[in-house]
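# Structure at a glance
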Amino acid sequence: MELKGKEVLQATKEQIWSLLMDPVTLAKITPGISRLELVEEDVYDAIAEIKIGPVKGTFGGKLRLKDKDQPNSFSLIVDQKSKIGNVNAKVDIALDTASAYESTISFDGKANMSGVLASKGARVMSGVASSLTKQFFAALRNEIASTEFEDKRSNIETDPNIKESSNKSTMTHDIELIINGETHSITVESRSVLANVIREQLRLTGTHIGCDTSSCGACTVLIDGKAIKSCTMLAVQAEGLAITTVEGLSENGMMHPIQEGFKEEHGLQCGFCTPGMMMTSIDLLHRNSNPNESEIREALEGNFCRCTGYHNIVRAVQYAAEKM
Amino acid sequence: MIPSKFQYKRAESVSDALSMMSDDAKLLAGGHSLLPAMKLRLNQPDTLIDISRIEELKSIKDEGDHIVIGAAATHHDIAHSNLVKGACSMIASGAGQIGDIQVRNAGTIGGSLAHADPAADWPALVIAAEATIRVQGQGGPRDIPAASFFTGFYETALADDEIITEIHIPKLPAGSSSTYVKFVQPASRFAIVGCAVVKNAAEGEVGNIKVAVTGVSEMAYRAHGVEDELMGQVVSDESIDRAAARATDHVDVLSDHYASEKYRKHIAQVYVRKALETLK
Amino acid sequence: MGNYIGKSVKRVEDKRFLTGKGQYTDDIVLHQQTYASIVRSPYAHANIESIDTSAAEKAVGVVAVFTGKDFADSGIAGVPCGWQVNFKNGDIMKEPPHPLLVADKVKHLGDAVAIVIAESKEIARDAAELVDVSYDVLDSVVDPKKAAQPGAPLVHEDCPNNICFDWELGNPKSDVNAAIEASHHVTTLEFVNQRVIPNAMEPRAAIGDYQAAGDKYTLYTSSQNPHLIRLLLCAFVLNLPEHKVRVVSPDVGGGFGSKIFHYTEEALVIWCSKQIGRPVKWTSDRSEAFITDAHGRDHVTKADMGFDADGKITALRVETYANLGAYLSTFAPAVPTYLHGTLLQGLYTTPVINVDVTAVFTHTTAVDAYRGAGRPEATYLLERMIDLAALEMEMDPAELRFKNFIPAFDGVEQEGYMTQVALQYDSGDYDPVLKKALDMVGYDDFRAKQSALDNGKLIGIGFSTYIEACGIAPSAVVGALGARAGLFESAQVRVQPTGKVSVYTGSHSHGQGHETTFAQVVADRMGIPLDDVEIVHGDSESVAFGMGTYGSRSLAVGGSAIVKSIDKVLEKGAKIAAHLLEANADDLDYAGGKWTVKGTDKSIAFGDVSLTAYVPHNYPEGLEPGLDFSSFYDPANFTYPFGAHIAIVEIDKSTGKVELQRFIAVDDVGNVINPMIVDGQIHGGLAQGIGQALFEGAIYDDNGQLINGSYMDYCMPRADDLPSFEIDRTVTPCPHNPLGVKGAGEAGTIGSTPAVVNAVIDALWSGGHKVKDVKMPMTPERVWSAMQSDQA
Ligand SMILES: Cc1cc2nc3c(=O)[nH]c(=O)nc-3n(C[C@H](O)[C@H](O)[C@H](O)COP(=O)(O)OP(=O)(O)OC[C@H]3O[C@@H](n4cnc5c(N)ncnc54)[C@H](O)[C@@H]3O)c2cc1C
Ligand code: FES
Ligand code: FES
């Protein structure tokens, strides 16, 4: 991730320098910093809470200032670890006089992310750099506006109440799940997603899990007749709703038309995507009893199949449409 | 993948939900933005407050000169509502372009607005429709115009202890038109560019065209440059060309591995043009 | 042919899948089972400074935590490589260890450093977060060409320039250089055959179950070849007694190559199960799958193809850097060499060919066989070159191909075609496939439409005429080429006393429908109803041996082994029948499930004979009771399917977005047992090949982070990205196996990718954008950029 930018600020180089070298200020203006402690010359222990959109993490690690050339330039080296991934960055910061009261600050560097953050957060992280730098400059501007410049160097904690990882009691719930017309009384954890409960607790393993981003549709079940990705719903949310899984499709040993269609038209190979495919198809056929090819293809956009190339799946749905 | 532990509470009403709100609690509506992030452990709230069963949040109502969509109405319900189609057709057609069937069956308009994904569809739709977003906090309700609801990258004017309850969408008079076009990122199917355009017939043959763009910058925006270009102009190939060229005026254009800044900017112009052409 | 062969019999296996009763590895729950979560490196290259497992160990519900040190201490080196390729100078390839858990230095994103075993999935996952690993991050390299340059960061310290081996095949380089120099026209192309991620929909899973009573080990694993896993696991990794080890591959949700290999997790769960005395299950998340399933392709190539003035190919020169990833996966060395270089003759009479391959380690996930394995890379190269040559020389791409095709030969009357790159093709007749495809597409009409087009779109047509080598493989041949295993197949045909037939095959089915196709062969050959046949596969306890399913080998090799056993059954059956009919065995005919004395109506049914075999009261003297035969079949040669694929695309000039409008495929896979299933294999193959052309590609940043490691970023084709396919076939039987079949699993993937890319290039040229290449996947931005940069 490139970090690059340039801003004009209403202060002299020396004034900006003094702000940036002051841990109190630095902590205040750096987005997310909840604690900054000088541990040795130019080395800080830092804790930062970063929250951007769906991503939230507590980072801990070191900030280092290097190659200081007062008041012209320095490098900032960041090594921060978190459960969601690590950030390593090096940014070169340069100050330049623009006029008697103005200076430019420019920075140029690179931040490397690793772990989940890098591989899953890409959509989010692309905008993070600009967002964080904007916050930083806004804060720096504020700080400049409100500072009478003098030297104040100390160790601080901006937020004395750093959150202890709060007490996460295991909440469980006794619920009734109505699956394929049968009521099951079970106890689930708050965090159990419906797909896991169906598979692991109720041992209905026809519902599959093929991804962790709600993309593949292998876990699709019907809830009150609508196709739902059961990996993206908490089991406790499904309490009392009518759930249909693939195991509930055939009645009295008679295959549902969609099952027949998949068999007759060879709409399945390895069978892994098939239950989800059938569930989504049923939702489609309920609202459109005679879909054309492109309507079928569009309706199945939330279901991956890696085996069939979808060709025969389209035919399977058409077959079922005729029969239903 | 399994989220970290949290407590789950189901709210029966808006006031119930408000009373449950706390520092590290999050509202859970359709769950289609929140749960994927939690499963990857990119987010680990302490408590989830489920608002998906609050009936008062799910309705779609006619209130004279505008319609009211409950925050917990799903994309699917909105896409298929005749009331919505009649009031402002792009709201329905735009909702129908979100994700896939399953996502539309679960995801909600309120959740999407609160989430403020820079590539989401709703932000452009509500901005162009000049919708008002009603939110409720401890101190009662307040109305936020869509144009000032989005404040940054995944950021909104919503306070931590507020709930979106309703989205008010003005009805377009007969003869008006509205459209939403979207160029998708082929893996996620979110918008690389989404463009919503409304032309209000009440305001004469020319003038008052509203254009909003999503996917392009850190937040959806009203494309004032485009609108200015069309102000007082008959919509023609020439005016459309001039207007589309200003699709990304004054915004920082995002860049990622699927669409560079240059390309995204180009696509923004192409899609603004595409949307405007439907008005001819 | 009989009642079943050649008919689209509906699949026997479907019922269980359609009713949710399929049983994939993760569906299995064993008594007392525990759950494993693996702690993986977030860095591509780093020294492990310390691992602190104390917090994880203390967590409630955690059973055990192991790290690389535990394995190093017990002397377990890691998983082996199954194929050896030597350097040009004869030195043995570099074969660095691939540990089950890394103790010192991680070498790719996702390298495993610790395993946490707990009472539940949730606890294991939570505790894995508590394992604190300190890393000292090092520079990494992800591009194979860059990795081979001096000074690049080293993946393995004892492997200079990261080169695992270099390799050459074909005519002497000097001859090829001279022929290129002397050519009338030379087409040169530098390109990347990008890395793709197989993405079988079922993520990998494994359960290890050690039973101390009896000292028995059972491994359930989502594998394409359970016996091979058992062999490698026992003989090379954990040093276990093979007869005490059972490996079961139950239903497997797609493989496409990625489930051939022996993965570290399989050994891990077995070893851990023995340590804790309970079963251990590991199921991959999709996120983990993205960074641990072996990837495919990843070649950086430069090629020159020479032509004479008439358009005849005069020479081909190829230089490739093949990315192996950080470790050698099971068959990795074979893919860029013997499955790639040997196919560079293609369908053409090219007189001299030289291919030079440098295989390189990088800080990335291991690369190995992915549907087609090496052959798609070869086909992509040839077919891109010839289409580009046609554009450059202003010749018709179809004509240019006809001009260069090898003349027809059936492998019986006419000898097989001897290539310049070691292989001898079995049988082939290449004109008809292309002719048929051209008819189907309406070629002349298309060209007329193309030049008349004026609607903001460009349309293009792309060809690919491919050959591949499958039915893998003659053991002696592959042995000479470095394979550390034979590639035969086994089959047992057990006739039950009542005449029902159980067939045990070493070919594993994970979508290919063996349970149906094989049963069709058995039922027809034995003249019995399909319902009387049961195909059993996937369990080393019931199936004697097997080399598994890959390289489109199941029917050609596994099916042939079944035929051999059937022949033995019928031969013995004839003896029993002759005895019962009081005739001479030579005077009997077998048809329709009964033996008949020639020229009479005296006959005896199969069921009566089988009953007699098990109740041998009235029985030929000296003959053993029972009717149960095993066979091993080792093919005489590879089989060589071929075909012609044509893509028609439309490009939106304003966005660069490519729409695949039509895809025509005429394939010749030899004889066809079940057309419905073969068509299905072609469809699926096409989708994957098209996926590579337009949508898929792993993106690593310079730090070795896979930045599109999820379905939100890695674009797999969906239903609405593809058209319905127009497919047909010709039939040129394979002369050297009893069924005359060639194999259909990979053909679709091998042929389709270049057809799509060629179509896009054709469209661009028709619009005046004379670009040689657009990188795959051909995203809208790339195509749009091509139109900007070359405004001809
Ligand atoms: C595979 C997939 C594809 C998708 N494709 C698209 C797409 O193409 N276009 C698109 O726009 N979106 C897309 N989405 C996102 C989808 O539209 C989500 O449904 C939506 O963004 C969030 O709505 P939700 O109801 O699911 O919210 P949730 O996930 O429940 O919540 C999201 C956030 O909003 C908060 N919240 C929820 N409701 C309220 C409320 N009433 N008041 C205040 N805060 C609230 C929550 O606390 C949370 O922070 C996709 C999602 C998936 C999984
Ligand atoms: S597992 Fe639910 S969408 Fe993939
Ligand atoms: S049949 Fe295998 S994924 Fe669809």
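Residues numbered from 1 in each chain as written. Chains lettered and ligands numbered in written order. Predicted model: local features only at pLDDT ≥ 70, side-chain atom pairs only at ≥ 80, totals over all residues. Heavy atoms only, no water.

## Digging into the overall build of chain A
Under the convention used in this document: Strands here mean DSSP runs of E at least two residues long; helices mean DSSP runs of H or I at least four residues long; both are numbered from the N terminus. By the convention used here, residues are in contact when the closest approach between their heavy atoms is within 4.5 Å. Only the protein chains shown count as cover for residues, and the accessible areas themselves come from Shrake-Rupley with a 1.4 Å probe.
In terms of helices and strands, chain A carries nine helices and 12 strands. Expressed as a percentage of contacts within chain A between residues at least 6 apart in sequence, the contacts between residues at least 24 apart total 54%. For chain A, the accessible surface area stands at approximately 12,900 Å², while carbon and sulfur atoms represent 47% of it.

## A word on the domain arrangement of chain B
Put simply, the rule reads: For the purposes of this description, domain bounds are those given by an automatic or database domain assignment.
The domain boundaries assigned to chain B delineate domain 1 (7–50), domain 2 (55–170) and domain 3 (176–277). A separation of 34 Å is found between the C-alpha centroids of domain 1 of chain B and domain 3 of chain B.

## Structural notes on the interface of chain B and chain A
Many structure descriptions define interface size as the accessible area lost when the parts assemble. This is how the line gets drawn: Joining two parts hides part of their accessible area as seen by a 1.4 Å probe, and the buried area is that hidden amount summed over both. A pairing counts as a salt bridge when a side-chain nitrogen of Lys or Arg comes within 4 Å of a carboxyl oxygen of Asp or Glu.
With 55 residues of chain B in contact, the opposing surface of chain A contributes 56 residues. Counting the surface lost from both chain B and chain A, the interface buries some 4,700 Å², and carbon and sulfur atoms represent 53% of this. Ranking the residues of chain B by area buried against chain A places B:Lys5, B:Leu42 and B:Gln102 at the top, with a combined share of 15%. Between A:Lys226 and B:Asp77 there is a salt bridge, with the nearest N and O atoms lying 3.7 Å from each other.

## Topic: the site of ligand 1
Quick note on the threshold: Any residue with at least one heavy atom within 4 Å of a molecule or strand is counted as near it. N or O atoms within 3.5 Å of each other form a polar contact, as long as, within protein, one can give a hydrogen and the other can take it, and as long as residues adjacent in sequence are counted only when both atoms are side-chain atoms. The residue classification treats Ala, Val, Leu, Ile, Met, Phe, Trp, Tyr, Cys and Pro as nonpolar and Asp, Glu, Lys and Arg as charged. All others, Gly included, are polar.
Residues in contact with ligand 1 amount to 30 residues; listed here are only the nearest, B:Leu27, B:Gly30, B:Gly31, B:His32 and B:Thr108. Taken together, the residues near ligand 1 originate from chains A and B. One of the backbone nitrogen or oxygen atoms of B:Gly31 is found 2.7 Å away from an oxygen atom of ligand 1. Separating an oxygen atom of ligand 1 from a backbone N or O atom of B:Gly99 is a distance of 3.0 Å. For ligand 1, the protein covers 96% of the area, taking 970 Å² as the surface of the free molecule. Looking at the shell around ligand 1, the elements with two or more residues in it are strand E2 (25–28), helix H7 (109–115) and strand E10 (163–170) of chain B. The leading source of residues in the shell around ligand 1 is H7(B), at four residues. Classifying every residue of the shell around ligand 1 gives 14 nonpolar, 12 polar and four charged.

## Re the packing of helix H11 (residues 397–404) of chain C against helix H12 (residues 431–441) of chain C
Residue and element names in this part refer to chain C. Convention followed: Working convention: axes come from line fits to C-alpha atoms, limited for helices to the stretch in contact. Angles between N-to-C directions cover 0 to 180 degrees. For classification purposes, angles smaller than 35 degrees are called roughly parallel, those larger than 145 roughly antiparallel, those between 65 and 115 roughly perpendicular, and all remaining angles oblique. Crossings are classed by handedness, with left-handed meaning an anticlockwise turn of the near helix from the far one by less than a right angle and right-handed meaning a clockwise turn.
The contact between H11 and H12 brings their axes to 10 Å, and the two run at 165°. Considered as vectors, H11 and H12 are oriented roughly antiparallel to each other. Between H11 and H12 the crossing geometry is left-handed. For the pair H11 and H12, the contacting residues are Ala398, Arg401 and Phe402 in the first and Asp431, Leu434, Lys435 and Leu438 in the second.

## Let's talk about the nonpolar core
Convention followed: The criterion is simple. A nonpolar core is a set of buried Ala, Val, Leu, Ile, Met, Phe, Trp, Tyr and Cys residues joined through side-chain atoms within 4.5 Å. In this scheme, a residue with accessible area under 20% of its type's maximum is buried, one over 50% is exposed, and one in between is partly exposed, where area comes from a 1.4 Å probe on protein chains only.
Core analysis: the largest hydrophobic core is formed by 249 residues, its most contacted members being B:Leu276 and C:Phe663. The element that contributes the greatest number of residues to this core is helix H19 (residues 747–766) of chain C, accounting for 11 residues. What B:Leu276 contacts, discounting residues up to four positions off in sequence, is B:Val197, B:Ile209, B:Val211, B:Val226, B:Leu230, B:Val235, B:Ile240 and B:Ala243. A:Ala11, A:Ile93, A:Leu95 and A:Ala139 belong to the second-largest nonpolar core, a separate cluster that totals 47 residues.

## Quick look at the pairing of strand E16 (residues 457–467) of chain C
All names here are of chain C. As a reminder, the rule being used: Pairs of strands are assigned from DSSP output, requiring at least two bridges between the strands.
With respect to burial, E16 is a largely interior element, 10 of its 11 residues being buried. By the bridge criterion, 11 bridges tie E16 to strand E24 (residues 642–652) in an arrangement that is antiparallel. Paired with Ile461 across the strands is Ile648, a residue of E24.

## Regarding the sheet that holds strand E4 (residues 60–63) of chain B
All names here are of chain B. In spatial order, the strands read E4-E5-E10-E6-E7; together these five strands make up an open sheet with antiparallel pairing. Two strands in the sheet have a free side with no partner beyond their single neighbour: E4 and strand E7 (140–145). Ignoring which end each strand starts from, the neighbouring axes of this sheet average 25° apart. Sheet analysis places strand E6 (residues 132–137) next to E10, joined by five bridges and oriented antiparallel. Residue pairing in the sheet places Val135 in a bridge with Ile164 of E10.

## Re the environment of B:Val251
Residue and element names in this part refer to chain B. In this structure, Val251 sits in the loop between helix H11 (237–244) and helix H12 (261–277). A C-alpha to C-alpha distance of 8.7 Å links Val251 and Glu218, two positions 33 residues apart in sequence. Excluding residues that lie within four positions of it along the chain, Val251 makes contacts with Ser217 and Tyr221.

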